[in-house]
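Geometric and topological summary
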Amino acid sequence: HIIICQTRSHFISLRRYASRRSNHNELPPYIKYGFIIPMTGLAMGSVYAYYSCLDYAPYTNRKRLICTNPKWEQEMGHKQYKELLQKFKGDILPADHRASVTVQRVGSRIAAAAQSFSAQYGQTNDTTNATTSPYTYTVVRSPEANAFVIPGNHVFVLTGLFRYAHNEDDLASVLGHEMAHNLARHAGERVSESILMTILSRLVLILDPTGILFTLLVPAQQLLVALPHSREHEVEADKIGIVLASEACYDPRSAKIDFQE
Ligand SMILES: [Zn+2]
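Note that the structure is predicted; figures quoted are calculated from it, not measured.

A word on the UniProt feature "transmembrane region" (unreviewed entry) in the protein. Here the UniProt-annotated "transmembrane region" (unreviewed entry) positions come out as residues 30-51. Taken end to end, residues 30-51 is 86% helix and 0% strand, and its two terminal C-alpha atoms sit 32 Å from one another.

Note on the zinc ion: its protein donors are His177 (NE2), His181 (NE2) and Glu234 (OE). The metal-donor distances range over 2.0 Å. Donor residues for the zinc ion, ordered by position in the chain, follow H-x3-H-x52-E. Of this pair, His177 and His181 both sit in helix 6 (residues 168-183), 4 residues apart, roughly one helical turn. By relative accessible area, which is 7% here, His177 ends up buried. Residue classification places His181 among the buried residues on the basis of a relative accessible area of 11%.

Here we take up the environment of Ala226. Inspection of the secondary structure puts Ala226 in helix 8 (residues 212-247). Ala226 sits in the buried class, given a relative accessible area of 18%. Residues Ala226 and Ser194 lie 32 residues apart in sequence; the distance between their C-alpha atoms is 9.5 Å.

Moving on to the sheet that holds strand 5 (residues 154-159). Spatial strand order, 3-5-4: 3 strands in an open sheet with mixed pairing. The open sheet has two free edges, formed respectively by strand 3 (136-140) and strand 4 (145-150), since each of these has just one partner strand. The average angle at which neighbouring strand axes cross in this sheet is 15°, direction not considered. Pairing of strand 3 with strand 5, which is carried by 5 bridges, proceeds in the parallel orientation. Residue pairing across strands places Val140 opposite Leu158, the latter belonging to strand 5. The sheet contacts of helix 4 (residues 70-88) involve strand 3, strand 4 and strand 5, and relative to strand 5 the element is tilted by about 25°. Set on the sheet, helix 6 makes contact with strand 3, strand 4 and strand 5; between it and strand 4 the angle comes to about 35°.

This part takes up helix 4. Here helix 4 is 19 residues long and its end C-alpha atoms lie 26 Å apart, about the 27 Å a rise of 1.5 Å per residue gives. Along helix 4, the positions that sit buried rather than exposed are Pro70, Glu73, Gln74, Gly77, Tyr81, Leu84 and Phe88. Looking straight down helix 4, one finds that the buried residues subtend no more than 90° of arc, so they occupy a single side. Away from its buried face by more than 90 degrees, helix 4 exposes Lys71, Lys82 and Gln86.

Here is what the cut-offs are and how they apply
- Residues numbered from 1 in each chain as written.
- Predicted model: local features only at pLDDT ≥ 70, side-chain atom pairs only at ≥ 80, totals over all residues.
- Heavy atoms only, no water.
- UniProt positions renumbered as here; feature names shortened; annotations may be inferred.
- Helix = DSSP H or I, 4+ residues; strand = E, 2+ residues; numbered from the N terminus.
- Donors = N, O, S within 2.8 Å, 3.2 Å for Na, K, Ca; no water.
- Buried < 20%, exposed > 50% of the residue type's maximum accessible area, 1.4 Å probe, protein only.
- Pairing = 2+ DSSP bridges.
- Axes fitted to C-alpha atoms, helices over the stretch in contact; angles between N-to-C directions.
- Contact = heavy atoms within 4.5 Å.
- Expected span 1.5 Å × (residues − 1).
- Arc of directions from axis to C-beta.

Right under this line is the structure:
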């Protein structure tokens, strides 16, 4: 009974308060100003996150946001390397195969150029991956024309590539481009983008629980962020790749041979 009476009197006092407020046509201060604290926190958090993720790509000095660290990227790369070795198991060419020897020879020269590139253009916060891990070279028998380098300095070449790369200069330009992606930490940038995107989509869902903004967010992100960035990455890898190939004394004019990724 006492509880009911207390609740009732509390309810009455709230109604009085509300009617007094409505007379003055005002919201109670905790509603009127209550949003300021979380909004200030959010703004300060965003500024802090922006400046701690702000980074400049080596050589081109392109401004970018990157919130992963090179050590973590390399650990992920080593993990992915083991998975890829499992995946390609039966098709990996032995180290003394002619194709493996060629890839190893050209790759080592590009890797040496990558090391000096890193020493010249790397920043104090270890913005490139060249110096921290030795390179590995894996040649996989496959009809696919492809080559890629994953963080942790693991180079993969699929033999379909040799249909297009007719000499060592061609191979050097492809490897230069792929190592450039790795040097400039483009993989870390893509992961950072998806982390930021996840945070943003959570915020959007809080602001608009109907989900309409959220459904617009994904195509908008693709159109305004992901596609332009992927083009920027390709242009940047071309620029750095030419530096690496010519530094390793290969003919950079072969860079016209263009493989995706
Ligand atoms: Zn590329």
